[in-house]
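Structure assessment
This is what each chain is made of:
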Amino acid sequence: MHEIFLDELKKLNTQFMEMGVFVNEQIDQATRAFVDHDKKTAQSMVDNEEKIPTESIDIQKKALKLMALQQPVATDFRVVISILKATTDIERIGENAMSIALETIRVKGNPRIPEVEEIISNMTHNVRHMLIQVLTAYVQDDEKMAREVASRDSVIDHDYVRARKLIVDGIEDDPSRAVASSSYFVVTRLLERIGDHIVNLASWVVYKTTGELEELTNPSETKTI
């Protein structure tokens, strides 16, 4: 019976990893579309927006069925709970990527701020790398890697604060940038939120491997809203 459980759990982990990789690609596609003013690509993403939530529901249904039918022991139960929680964070990341695509469709071709777009590209690169690393940590039960990923969220937060200052300065220098800059505020905030969800994923890796529910963010850290 336990061998059946482990086999089904392996399939579930594979599906979870595939969903995470797809969401990672969505982040890249959305931010590229935003910087390149590529409304066609953004619209294509929006047209297929149900793919991620549908996949999330499928994984969660299978996880709940696995618990109900196989009656896992405490350790196995913890693994299933972690995948349920982690899948929710992956779905939220996908929603953030979709919101960036929607912002690409909404924004007009107004004057842009190249320095801010460079930060957006950097934030995208960093969150994508963090996401792949935390997915790897999840599959490999690598608590150390998960903690290292969570610690890198401070880089995302730093870029977020720096971008907001540049946006405000840019509007002061050229008020015609105000309309486009509202989208910069939205997109950088969404990328910062993606970083937060990745930290949540890292927390679920720690829970999965140790059984401890632990807050990995720095409680003394202050973020600019």
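Residues numbered from 1 in each chain as written. Predicted model: local features only at pLDDT ≥ 70, side-chain atom pairs only at ≥ 80, totals over all residues. Heavy atoms only, no water.

Overview of the pattern of salt bridges
Two side chains of opposite charge can pair, provided their charged atoms sit close to one another. Summed over all chains, the structure comprises 13 salt bridges. The closest approach of N and O atoms between Arg162 and Asp159, which form a salt bridge, is 3.1 Å. Here the residue Arg162 and the residue Asp159 both occupy positions in helix α7 (residues 153-173), the gap between them amounting to three residues, near one helical turn. A residue is classified by how much of its surface remains accessible, and Arg162, at 36% relative accessible area, is partly exposed. For Asp159, a relative accessible area of 7% puts it in the buried group. (Salt bridge = Lys/Arg side-chain N within 4 Å of Asp/Glu carboxyl O. Helix = DSSP H or I, 4+ residues; strand = E, 2+ residues; numbered from the N terminus. Buried < 20%, exposed > 50% of the residue type's maximum accessible area, 1.4 Å probe, protein only.)

Some points on the UniProt feature "domain: PhoU" (unreviewed entry) in the protein chain
The UniProt feature table records "domain: PhoU" (unreviewed entry) at residues 17-101 and 120-205. Annotated as residues 120-205, this span is 92% helix and 0% strand, and its ends, taken at the C-alpha atoms, are 27 Å apart. (UniProt positions renumbered as here; feature names shortened; annotations may be inferred.)

Things to note about unusual backbone geometry
Glycine aside, the phi torsion of most residues is negative, and most peptide linkages are trans. In this structure, His37 is a non-glycine residue whose phi angle is positive, near 60 degrees. Mapped onto the secondary structure, His37 falls in the loop between α1 (2-35) and α2 (39-47). Within the chain, Asp141 stands out as a residue other than glycine whose phi angle is a positive 55 degrees. In this structure, Asp141 sits in the loop between α5 (114-140) and α6 (143-151).

Here we look at the environment of Asp153
Position of Asp153 among the secondary structure elements: in helix α7. Judged by relative accessible area, which is 3%, Asp153 ranks as buried. Sequence separation between Asp153 and Val179 is 26 residues; the distance between their C-alpha atoms is 29 Å.

What about the nonpolar core?
Counting 65 residues, the largest nonpolar core has Leu131, Leu191 and Ile198 as its most contacted members. Here this core gets 13 residues from one element, more than from any other, and that element is helix α8 (residues 178-210). Each residue touching Leu191, except ones within four places of it in the same chain, is listed here: Ile27, Thr31, Ile100, Ile120, Met123, Thr124, Val127 and Ile156. (Core = buried A, V, L, I, M, F, W, Y, C linked by side-chain atoms within 4.5 Å. Contact = heavy atoms within 4.5 Å.)

With respect to the side chain of Ser203
For Ser203, the location among the structural elements is in helix α8. At 3.4 Å, the side chain of Ser203 and the backbone oxygen of Glu214 are in polar contact. (Polar contact = N/O pair within 3.5 Å; in protein donor to acceptor, adjacent residues only side chain to side chain.)

Things to note about the side chain of Gln26
Tracing the backbone through its elements, the reader meets Gln26 in helix α1. For Gln26, a relative accessible area of 8% gives the class buried. Those residues in contact with Gln26, other than ones at most four positions away along the chain, are Met45, Ile52, Ala97 and Met98.

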